[in-house]
Amino acid sequence: MDIYGFELIIFDLDGVIVDTAKYHYLAWKELADKLGFSLTLEHNERLKGISRTRSLEIILEIGGLADAFTPEQKEEMATAKNTRYMEYIHNLKEDELLPGTKEFLTELKSRGIKTAIGSASKNALPILDKLDVIHFFDVIIDGNATDKAKPHPEVFLLAAEKLGIPPENCAVFEDAQAGIEAALAAGMTAIAVGSPENLKGASMYVAGLDHFQRVSWNMP
Ligand code: B16
Ligand code: MG
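For every chain, the first residue of the written sequence is number 1, and numbering continues from 1 onward in sequence order. Chain A is the first chain written and ligand 1 is the first ligand written, with later ones labelled in order. At least 70 in pLDDT is required for a residue's local features to be given in this predicted model, at least 80 for side-chain atom pairs to be given and counted, and no such filter applies to totals for whole chains, interfaces and linings, which use all residues. Side-chain metrics rest on all non-hydrogen atoms present in the structure, leaving aside hydrogens and water.

### Re helix 8 (residues 177-185)
Those residues of helix 8 not exposed but buried are Ala178, Gly179, Ile180, Ala182 and Ala183. Should any heavy atoms of two residues lie within 4.5 Å, those residues are counted as being in contact. Counting from the N terminus, the helices are DSSP H or I runs at least four residues long and the strands are E runs at least two residues long. On its buried face, helix 8 sits against helix 7 (154-163), strand 4 (170-174) and strand 5 (189-193). A positive backbone phi angle near 80 degrees is found at glycine 187, which sits one or two residues after helix 8. Buried, partly exposed and exposed residues are distinguished by accessible area as a fraction of the type maximum, computed with a 1.4 Å probe on protein chains only: under 20%, between the cut-offs, and over 50%, respectively.

### Re the pairing of strand 5
Most of strand 5 sits out of view: five of its five residues are buried. For two strands to pair, DSSP has to find at least two bridges joining them. In this sheet, strand 5 lies alongside strand 4 in parallel orientation, the contact comprising four bridges. Bridge assignment links phenylalanine 173 to a residue of strand 5, and that residue is isoleucine 191. As paired strands, strand 5 and strand 6 (residues 204-206) are joined by three bridges and run parallel to one another. Across the sheet, residue valine 193 finds its bridge partner in strand 6, namely valine 206.

Below, the structure written as structure tokens:
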């Protein structure tokens, strides 16, 4: 099937339409520095697409501090990280949209194809607002609307359900393994933004959304 044969295209946020991963990294790194260990860019790869709470658990494991804090202390740490992250994204500008995003969304809209955001982030709305792209999406499902984090399919199933579109007519663009697995568990077509070495199980691999300007492709 052609990409334009789907009824709904769902986009992950971080890593697909904007590179906010660098700001997540800076904010988590400051926390790790305070705790006395260093968080590397390689470590950061493990946090992509993962919820804030789970990210903190992974970071504490990396620092050998998995059992060192009470739930209240962890809550405080997650809140402090988010405050720093929000400071970083405060100045986010439209030109930080990843290449091809607006062109691809415009093409989808002109063809009457529905579009959605399916993100783990609880900050998705302010980010989309700063990027001035909210109006492109028929539905936005973020970390505030879901109980179960990716790889659970809830975030993508909710998007399809809200628009009354069967999962098999949906394609998902994702940059994280947890997101690819969530899309597959939802019974949707997973398109990886990244390489087969890092992301397993997708139907197709692209370097970015700029690969979809006026391009069509065949499903296996
Ligand atoms: P927040 P996505 C994810 O966004 C990020 O990739 C991940 O690193 C982050 O921990 C998660 O959102 C939660 O974000 O702290 O803003 O709620 O890729 O699902 O759009
Ligand atoms: Mg992502």
